[in-house]
Amino acid sequence: MKNILVTGGLGFIGSHTVVELHHRGYNPIIVDNLSNSQEEVLNRLKKITGTQFTFLNIDLVDFDKTRQIFSDQIIDGVIHFAAYKAVGESVEKPLDYYENNLGSLINLLKLSQEFRVSNFIFSSSCTVYGQPDRLPVDESFPKLPAESPYGKTKQVCEEIIEDYCKSNPDFKAISLRYFNPTGAHESALIGELPLGIPNNLVPFITQTAAGIREKLNVFGGDYNTPDGTCIRDYIHVVDLANAHIAALEHAEKMDTNYDMFNVGTGKGNSVLEVIQSFEKVTGISLNYEIVDRRPGDIEKIYADTKKVNSILGWKAERDLDNMMKTAWEWQKSLSIKE
């Protein structure tokens, strides 16, 4: 059984990937500093899988503590999720984002080299494309200037990995450029759990529907889109988790030692379409208001998924209605517990 180090493994995408790794016969080792997650997620993972996973509360920016992970554990591969990820916050706190997102990656690559760990999957983002000139976006598109420090960190991290791969031919790495993950596990035991006010659309929708938030702010109604609101490619988090396993398996046998893949559905939905889907599957009318644009947001983006479909043999299976339904079931489970 292969041991996979999952950084940020108690977070939204990380926790779902831990479950899918377990289902596929891997042994996930979870590292998380709990800056944007909760240790309670460990118990929820045990309820889903029946397994108590190894958990290490470590900040990856601390090189010595991170080195101890590699010294104490046998690691066969790394999936690196741990990063600050809020676009708006990155505009306000750029140095925090550069220090955390670049520092943690550099430490992991140094230690992968020292301990001869050669399979590395990086959690990247479609923000590396900036605001593309045409759609859908495929992997050959140039990286335009990022719209936020968060986006810049993802661009630079990819470049660091690619440069490292050029100097280490035995090292295999894949960057997965996510579009917009949402939804929740069908058990309603894990899902997106933002601390404080959500930065992402769907948790704000579900919290508004649950009465936790008074209303939902839709940032911008004057974009050059059919209904004036931003368009994104929303992908179910379980589909995204399975893309990481497909990437792990591919990395071991690929001819080159670095590649990147878009991970999305290939379809764009506007903010208002997401709201309408939620209202349809739940029967709840949302209190929302269109307000000024938010700094750092791009107008529209969605993926060309031909490469990930053909090379990794992966394809998104769950639609927007399923994302809204599972996200709402997750929110209701939280409300019951509270």
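We now turn to the structure provided with this report. Since this is a predicted model, take the numbers as computed values, not measurements.

## What to know about the overall build of the protein chain
Tallying secondary structure elements over the protein chain gives 11 helices and 13 strands in all. Taken over the C-alpha trace, the protein chain has a radius of gyration of 19 Å; the compact-globule value for 338 residues is 20 Å, and the two agree within 12%. If one aligns the C-alpha atoms of the protein chain with their principal axes, the spans along those axes are about 55 × 45 × 40 Å. In the protein chain, buried positions account for 55% of the 338 residues. Long-range contacts, defined as pairs at least 24 residues apart, comprise 80% of the intrachain contacts of the protein chain with a sequence gap of at least 6. If you sum the accessible surface of the protein chain, you get close to 14600 Å²; carbon and sulfur atoms cover 46% of it. The protein chain carries 34 positive and 46 negative side-chain charges, and their two centres are separated by 2 Å.

## Brief notes about the packing of helix α5 (residues 94–114) against helix α6 (residues 149–167)
Helices that pack against each other are described as a pair by the angle of their axes relative to one another and the distance between those axes. Packing of α5 against α6 brings their axes to within 9 Å, and their N-to-C directions diverge by 20 degrees. Of the possible angle classes, the one that applies to α5 and α6 is roughly parallel. Helix-helix and strand crossings are classified by hand; for α5 and α6 the assignment is right-handed. For the pair α5 and α6, contact is made by P94, Y97, Y98, N101, L102, L105, I106, L109 and Q113 and by P149, Y150, K152, T153, V156, C157, I160, I161 and Y164, respectively. Partitioned by chemical class, the residues of the contact of α5 with α6 number 14 nonpolar, 3 polar and 1 charged.

## What about helix α9 (residues 271–282)?
The end-to-end C-alpha distance of α9, which contains 12 residues, comes to 17 Å, matching closely the 16 Å that a straight helix rising 1.5 Å per residue would cover. Looking one or two residues past α9, G283 carries a phi angle of roughly 75 degrees, positive in sign.

## Describing the sheet that holds strand β2 (residues 27–31)
The strand order across the open sheet formed by 7 strands is β3-β2-β1-β4-β5-β6-β11, and the pairing between neighbours is parallel. Across the chains shown, the open sheet's two edge strands, defined by having one partner strand only, are β3 (54–56) and β11 (258–263). Put simply, the sheet's adjacent strands are angled 20 degrees from each other on average, direction ignored. Note: strand β6 (residues 172–178) against β11, 6 bridges, orientation parallel. What sits directly across from Y178, in β11, is V263.

## As for helix α2 (residues 40–49)
Taken as a whole, α2 has its buried residues at V41, L42, R44, L45, I48 and T49. Mapping the buried residues of α2 onto a view down its axis gives an arc of 160 degrees, with all of them on the same face. The first or second residue beyond α2 is G50, which carries a positive phi of 75 degrees.

## Considerations on the side chain of Q331
Tracing the backbone through its elements, the reader meets Q331 in helix α11 (residues 320–337). The buried category is assigned to Q331, whose relative accessible area is 5%. With sequence-adjacent residues up to four places away left out, Q331 is seen in contact with P203, T206, Q207, A210 and I212.

## As for the nonpolar core
Membership of the largest hydrophobic core comes to 40 residues, with the highest contact counts inside it found for L21, I30, L45, I121, I174, L176 and W314. Counting only elements with at least two residues in this core, the list comes to β1 (3–7), α1 (12–23), α2, β6, α8 (237–251) and β11. Looking at which element gives the most residues to this core, the answer is α8, with 9 residues. Contact partners of I30, with chain neighbours within four places excluded, come to V6, G9, L10, V18, L42, L45, F53, T54, F55 and L56. If you look at the next biggest cluster of nonpolar residues, it comprises 26 residues, including V78, L108, L109 and C165.

## Remarks on the pairing of β6
Among the 7 residues that make up β6, 7 are buried, leaving the element largely enclosed by the rest of the structure. Both faces of β6 are covered, namely the face carrying K172, I174, L176 and Y178 and the face carrying A173, S175 and R177. As paired elements, strand β5 (residues 119–125) and β6 share 7 bridges and run parallel to each other. When the bridges of β6 are listed, S125 appears paired with Y178.

## Remarks on the packing of α1 against α8
Between α1 and α8, the shortest axis-to-axis distance is 8 Å and the interhelical angle comes to 60 degrees. Classified by the interaxial angle, the pair formed by α1 and α8 is oblique. α8 is crossed by α1, and the crossing has right-handed handedness. From α1, F12, I13, H16, T17, E20 and L21 reach across to α8, where they touch V237, V238, L240, A241, N242, H244, I245 and L248. Here the residues of the contact of α1 with α8 sort into 9 nonpolar, 4 polar and 1 charged.

Calculation notes
Residues numbered from 1 in each chain as written. Predicted model: local features only at pLDDT ≥ 70, side-chain atom pairs only at ≥ 80, totals over all residues. Heavy atoms only, no water. Helix = DSSP H or I, 4+ residues; strand = E, 2+ residues; numbered from the N terminus. Rg over C-alpha atoms; globule rule 2.2 N^0.38 Å. Buried < 20%, exposed > 50% of the residue type's maximum accessible area, 1.4 Å probe, protein only. Contact = heavy atoms within 4.5 Å. Areas by Shrake-Rupley, 256 points an atom, 1.4 Å probe, with all protein chains shown as cover. Lys, Arg positive; Asp, Glu negative; His and termini not counted. Charge placed at Lys NZ, Arg CZ, Asp CG, Glu CD. Axes fitted to C-alpha atoms, helices over the stretch in contact; angles between N-to-C directions. Parallel < 35°, antiparallel > 145°, perpendicular 65-115°, else oblique. Left-handed = near helix turned anticlockwise from the far one by under 90°. Nonpolar A, V, L, I, M, F, W, Y, C, P; charged D, E, K, R; others polar. Expected span 1.5 Å × (residues − 1). Pairing = 2+ DSSP bridges. Arc of directions from axis to C-beta. Core = buried A, V, L, I, M, F, W, Y, C linked by side-chain atoms within 4.5 Å.

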